[in-house]
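Structure assessment
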Amino acid sequence: MDAKGQDEAKRNGAGGRRGSLYANLQLPTKPRRPHIPDGEDMGEENPHDMFDGEYFPKDVVQNVLNNVKDKGHRSHHVFCQLDTLKSFNGNWEWRETARWVKFEEVVEEGGKRWSKPHVASLSMHALLETRKMLMEGALLLDLDVYSMGELTDQLLDEWIDNNHLDHKLRQYMREILLRKHKHSHIPRPKAEKGGKLETVASTTSLTSMGSHGSSTDLEGLVAYDYKPNSAFMKKIPKGAEVCNIMVGELEELHDPILAFIRLKESRTMEGVSEVKLPTRFLAFVFGPKDFANSREVGRCIATMMIDDVFREVGYKSRNLADLIAGLDEFVEQVTVLPPSEWNPKIRIEPPQKVQSQMHRRMSSAQLIGYKGDDDEDGGHGDDPALAMSKIPCYGLIQDIKRKLPWYLSDFKDGIHIQCLAAFIYVFLGTFTPNVTFGGLLGQATDQYMGVMECIFAAAVTGILFALFGGQPLNILGSTGPMLVLETIIYNLCKDNGWDFMPARVWIGLWTSLIILLIVFFNLSSAVKYITRFTEESFATLIAVIFIVEAFKKLFSIETDYPVNFNQKEQVDDCACVFNCSLVNNTMEYFLSSNTTTTSTIGTNLTYVFDQCVNNTNYSTTGLNETECNTFREAEWLCSPLYSADVFFFSVLLFLGTVGIAITLKDFKLSTIFPTFVRSLISDFAVLISIIIFVVIDVLCGLNTPKLTVPDKFQPTRSDRGWWISPVSDKNPWWIAVAAVVPAILSVILIFLDQQITAVIVNRKENKLKKGVGYHLDMFVVAITVAIHSLLGLPWYVAATVSALAHINSLKKESECTAPGEKPSFLGCREQRLTALAIGVLSGAAVFITNILKVIPMAVLYGVFFFMGFSALRGMQFVDRLFLFVQPVKYQPDLTYLRHVQLYRVHIFTFVQIACLGILWAVKSVKIISIGFPLMVLATGLVRKIMECYYSQYELSYLDDLLPGKSPEKPDDKETIIGRVNYAFDTEPVLAVNGQEKKPVFFVDEQDDEHKLNNATSHL
């Protein structure tokens, strides 16, 4: 090959000959013969000159991305606009026909409506044609121009110098390139309407084209009646630049031509782009008449420029070889759809989630063990914040250092409308359980601690934890196990004649001291051994309790407002009921009673006695209430006042509250109304539901049970104050020491309740950015336990369902999304204002009783159910439960189903169900319910035992790995599924003496059969 041929081959790039097509196939080859390098080989300086077939696009791309780091070639988001050359009323114009922010949109017929965003489906032939035209076309990198006219002149010079364009067509093509651009959002002036729409490749000639205007005024046509689409700008990421692509068909051309231009600096080209953004890239594709590939090539370029990796290659390319390598790497990642199984006319809906492209930037060595998007989820065993340390208070100090820089932003970030909705929802969802818990606690402790104490405790704990807690998204509240503990302590004191409240102070102080020791010795780091298995078992149990209790409370309304289910029952309003056992024992007393009164009972004095022979009770309506009360053996009783309308109306309120709340919460996923309106309705879903059914209840006027709140700030018992002295005359001195025994049990319960909830809140899938604070949380809890003990208030710990409801209500999604792109989950609004407001309003609830007392209890029970239901959503355990009843072909494409056999998934789920059942049984049986925290610990032991049956690789998908474990694969030769298309990549081979791994082949149209036969001779 002569020098001119070599230069042309180099210009064509990547070692491909003119007319060759990159088929991206890897064929087996025989080893190359060793040869002595000549002078040309020794003097070769281009690392991407691949005449010998040694070409790996991925290596070239990584070289470009890693070595080009100057600020002028930094990658930006790109908005692509495709303009097609059209004729309107005999005049040429560039008409916008498609655009890309992330997905493709095309102008429908009529030119006024944009299509629904869809995934761009490209043909393999169009991609190969794009590669061929890029190699043969003009490439102008870092072109320094300031106007469209200047750019056009340099482009035409390049085309003419390389014999791509006849110099006679220079003026004609200049006028074509500088014609004005018609955008779909700008109405066409009435003076221009009335013409018939024609395509470019028509009968318009060079002469007629020249009559439309000279070259001096054509540039003025670019900005004619131009108005940027400011509304669409909201959909484009900030800092984006434009890639303008112009395609057309001209009968004066005989061969297709292409030019790809990257400007040295982005320039604002008035009137060319739909939006007022600077242009950095331009691509021109022209072909002869009936060359339909020009538009498809333009679509290929636009789609590649939207791709994260190719876009960065486009910014950083140093020559044509870099750009071609970027295209080849893009082709390696392409998925081909068989024509017999897919209709190209179908527009593919944008996916719910786009896979991360990080694996394309990694070397083969880095890809080993890479789990891609799955790394976003997972455990916390590798969290450096949970590292064990022998330094006292090391964890607490690190938590303070970690949270202190965010402290001011914790309040600023809370100033948002979503936080207001979360505050109202969580307040109502936590205040009602506190009132209910107070009633139960009052019955268990003889009113030493009742409703008022629980409300006050919620205020004190809420304010302190919101201000100083390590994870303010946690909500502290009442829990069932704590009620059992308080009951046991009270019964212990009552049976021994001890003064309950002073004895409880010593238990609380010991509890606080032990928790402080846990903080001092950094023992909170042990939570790294809590895996998803234990977390979801505990969280599911608490969520189910909320759901079951919601139904129990709802049906308890029937007790106060009974329903008569027996239609044949004859019911009198009131009657005098005699206790026959008393009548038989006091017959003499009965005979000596007032005969005047008893004469109305029957014909003789023994009538009642005779009626009691075979009955336990005897009722009669022959006596009025005054007459009945004269008999010690009788009682005046009235039959229940049936109120079926109240009970059934309460059921409707309950179902309506749940249904509306769930519907509105999912409203943001619908397509009705703009995104902002849908998000606002979703955030206030629970509040809207409560308001609707409170109004309905008021309008109907039925006497439904309402929320009852104390209206005075005073202890429930009048014989106790707000300060409890630990010294009492009724208690022996050694109680102060013996209190350590129940305190240990209390510490276990508080530690597990608090830390398991904190672990669930801090999971990676919640994408929290401000760090964890396990040690700081326990320190604050220790302080609140001591304060509550001295104030005679119940001890509060993290409430799982309330915390999950809080964090779910604060989840935020991307606001500026490209058309067709699903809003992506960004994390949660980590702030302290909502928890602080909940604590403050809980304490001030006694002053707003007039507002709270209008809320029906059935509505609040609906909020209970919604909180439990929301907590179950998204749990892997719940998803695995549905797999039992779903046919295999309808099962969702879950990650763990790709890597773990289905029957082993079912066994794992069954073990978790058994653990959940045991936890429920222990909680429900009062005698053994105090052992509930130990059973929670036992689930961790069960998880450890399961490692004997499941490999670490399987557990890495079904659960979290315990610290120190690695997800080794069953087969070391197993490839990474779904990460790299190994059909286009070979096993890594180290370079030895400059020799690389096997080449990716180019199949040349003129390749001889001898080479192919040699390559396949062993088959």
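Quick caveat, the model's predicted, so the values are computed rather than measured.

This part takes up the overall build of the chain. Secondary structure assignment for the chain yields 40 helices and 18 strands. A total of 1019 residues make up the chain; the buried ones form 51% of that total. Excluding contacts between residues fewer than 6 apart, the proportion of contacts in the chain whose partners are at least 24 apart in sequence is 80%.

All right, on to the pairing of strand S3 (residues 91–100) then. Summarising burial for S3: nine of the ten residues are buried, a large majority. Here nine bridges tie strand S2 (residues 78–88) to S3, and the two strands are oriented antiparallel to one another. Paired with Leu-85 across the two strands is Trp-94, which belongs to S3. Where S2 folds back on S3, the antiparallel hairpin that results is connected by two residues, among which Asn-89 adopts a positive phi of roughly 55°. By the bridge criterion, two bridges tie S3 to strand S6 (residues 181–182) in an arrangement that is parallel. Across the sheet, residue Arg-95 finds its bridge partner in S6, namely Lys-182. Alignment of S3 against strand S4 (residues 104–106), held across three bridges, turns out to be antiparallel. Considered in S4, the bridge of Trp-100 is made with Glu-104. Where S3 hands over to S4, the hairpin turn is made up of three residues, counted between the paired strands.

Let us now look at a nonpolar patch on the surface. Nonpolar side chains collect at one region of the surface, where Met-388, Leu-513, Leu-517, Phe-520, Phe-521 and Leu-523 lie side by side and expose about 550 Å² of accessible area between them. On the secondary structure map, Phe-520 appears in helix H18 (residues 500–520). Given a relative accessible area of 34%, Phe-520 falls into the partly exposed group.

Another aspect to go through is the packing of helix H4 (residues 124–136) against helix H9 (residues 293–306). It is the contact of H4 with H9, at a shortest axis distance of 9 Å, that shows an interaxial angle of 85°. Relative to H9, H4 is oriented roughly perpendicular. Packed against H4, whose contacting residues are His-125, Ala-126, Leu-127, Glu-129, Thr-130 and Met-133, the element H9 presents Asn-293, Glu-296, Val-297, Cys-300, Ile-301 and Met-304 at the interface. Partitioned by chemical class, the residues of the contact of H4 with H9 number seven nonpolar, three polar and two charged.

The subject of this paragraph is the packing of helix H15 (residues 417–444) against helix H32 (residues 833–843). Describing two packed helices takes the angle between their axes plus the distance from one axis to the other. Two elements in contact, H15 and H32, have axes separated by 9 Å at closest approach and are oriented at 45°. Taken as axis vectors, H15 and H32 run oblique relative to one another. As for how H15 packs across H32, the hand of that crossing is right-handed. Every residue of H32 that contacts H15 at Cys-419, Phe-423, Val-426, Phe-427, Thr-430 and Phe-431 is listed here: Thr-834, Ala-837, Ile-838, Leu-841 and Ser-842.

By size, the foremost hydrophobic cluster in this structure holds 135 residues, and its most contacted members are Tyr-425, Phe-431, Phe-500 and Leu-852. Take this core: its biggest share by element is twelve residues, from helix H34 (residues 857–872). Look past the residues within four positions of Tyr-425 in its chain and what remains in contact with it is Val-686, Ala-805, Ser-809, Val-863, Phe-866 and Met-867. Formed by 42 residues, the second largest nonpolar core is a distinct cluster that contains Leu-134, Val-297, Leu-320 and Phe-330.

Moving on, we come to the environment of Arg-402. Of note, Arg-402 is situated in helix H13 (residues 394–403). For the pair formed by Arg-402 and Gly-771, sequence separation is 369 residues and the distance between their alpha carbons is 6.6 Å. Contact partners of Arg-402, with chain neighbours within four places excluded, come to Ala-385, Lys-770, Gly-771 and Val-772. Only 2.5 Å separates the side chain of Arg-402 from the side chain of Asp-399, close enough to count as a polar contact.

Moving on to the pattern of salt bridges. Inspection of every chain in the model, using the stated rule, returns 38 salt bridges. Between Arg-131 and Asp-328 there is a salt bridge whose closest N-O contact spans 2.7 Å. Highlighted residues: Arg-131 in helix H4 and Asp-328 in helix H11 (residues 320–332), separated in sequence by 197 residues. When its relative accessible area of 0% is taken as the criterion, Asp-328 is described as buried. As a salt-bridge pair, Arg-402 and Asp-399 come within 2.5 Å of each other at their nearest N and O atoms. Of this pair, Arg-402 and Asp-399 both sit in helix H13, three residues apart, roughly one helical turn. Judged by relative accessible area, Arg-402 falls into the partly exposed class, the value being 23%.

So, on to unusual backbone geometry. In this model, Asn-163 sits at a positive phi of 60°, which is unusual for a non-glycine residue. Structurally, Asn-163 is set in the loop between helix H5 (148–161) and helix H6 (170–177). Of note in this structure, Lys-767 is not a glycine but carries a positive phi near 55°. With respect to the helices and strands, Lys-767 occurs in the loop between helix H29 (740–761) and helix H30 (774–791).

Bringing the packing of aromatic side chains into the picture now. The description of an aromatic ring pair uses the distance of the two centres, along with the angle that the planes make with each other. Here the structure, examined in full by the defined rule, presents 30 aromatic pairs. Centroid distance Trp-94 to Phe-286: 6.0 Å. Interplanar angle 65°. Geometry classified as edge-to-face. Placement of the pair is Trp-94 in strand S3 and Phe-286 in strand S10 (residues 279–287), with a sequence separation of 192 residues. Take Trp-94 and Phe-286: they sit in the same class, and that class is buried. Seen in terms of ring centroids, Phe-654 and Phe-865 are 6.0 Å apart; in terms of plane orientation they differ by 75°. Their pairing is edge-to-face. Highlighted residues: Phe-654 in helix H25 (residues 644–665) and Phe-865 in helix H34, separated in sequence by 211 residues. Judged by its relative accessible area of 15%, Phe-865 is buried. Through a chain of ring-to-ring contacts, three or more aromatic side chains come together here, namely Phe-533, Phe-908, Tyr-949 and Tyr-950.

We now examine H9. Over its 14 residues, H9 extends 20 Å from the first C-alpha to the last, a length consistent with the 20 Å expected when each residue adds 1.5 Å. Within H9, twelve of the 14 residues are buried, leaving the element largely enclosed by the surrounding structure.

What follows is about the environment of Glu-486. Counting through the fold element by element, Glu-486 comes out in helix H17 (residues 480–496). C-alpha separation for the pair Glu-486 and Ser-746, spaced 260 residues apart in sequence, amounts to 9.6 Å. Every residue in contact with Glu-486, bar those within four places of it in the chain, is listed here: Leu-441, Met-449, Phe-500, Arg-504, Pro-794 and Trp-795.

The share of residues in the chain with pLDDT of 70 or more is 78%, and the mean pLDDT across the chain is 78. The model gives residues 195–224 a pLDDT under 50, and that stretch makes 64 contacts with residues more than four places away or in other chains.

Let us now look at the side chain of Lys-403. Secondary-structure assignment places Lys-403 in helix H13. The buried charged residue Lys-403 lacks any salt bridge, with Glu-830 as its nearest oppositely charged partner at 5.0 Å. With near-sequence residues (within four places) excluded, Lys-403 lies in contact with Gly-470, Lys-770, Gly-771, Val-772, Leu-776 and Arg-832.

Now for the environment of Asp-666. When you line up the elements, Asp-666 lands in the loop between H25 and helix H26 (675–683). Along the backbone, Asp-666 and Arg-678 are twelve residues apart, and their C-alpha atoms lie at a distance of 9.1 Å. Here Arg-873 takes part through its side chain, which lies 2.9 Å from a polar atom of the side chain of Asp-666.

Conventions we followed
- Residues numbered from 1 in each chain as written.
- Predicted model: local features only at pLDDT ≥ 70, side-chain atom pairs only at ≥ 80, totals over all residues.
- Heavy atoms only, no water.
- Helix = DSSP H or I, 4+ residues; strand = E, 2+ residues; numbered from the N terminus.
- Buried < 20%, exposed > 50% of the residue type's maximum accessible area, 1.4 Å probe, protein only.
- Contact = heavy atoms within 4.5 Å.
- Pairing = 2+ DSSP bridges.
- Patch = residues over 30% accessible without salt bridge, like charges linked within 9 Å, V, L, I, M, F, W, Y side chains within 5 Å.
- Areas by Shrake-Rupley, 256 points an atom, 1.4 Å probe, with all protein chains shown as cover.
- Salt bridge = Lys/Arg side-chain N within 4 Å of Asp/Glu carboxyl O.
- Axes fitted to C-alpha atoms, helices over the stretch in contact; angles between N-to-C directions.
- Parallel < 35°, antiparallel > 145°, perpendicular 65-115°, else oblique.
- Nonpolar A, V, L, I, M, F, W, Y, C, P; charged D, E, K, R; others polar.
- Left-handed = near helix turned anticlockwise from the far one by under 90°.
- Core = buried A, V, L, I, M, F, W, Y, C linked by side-chain atoms within 4.5 Å.
- Polar contact = N/O pair within 3.5 Å; in protein donor to acceptor, adjacent residues only side chain to side chain.
- Phe/Tyr/Trp six-rings, centres within 6.5 Å; stacked < 30°, edge-to-face > 60°.
- Expected span 1.5 Å × (residues − 1).
- pLDDT = per-residue confidence, 0-100.
- Lys, Arg positive; Asp, Glu negative; His and termini not counted.

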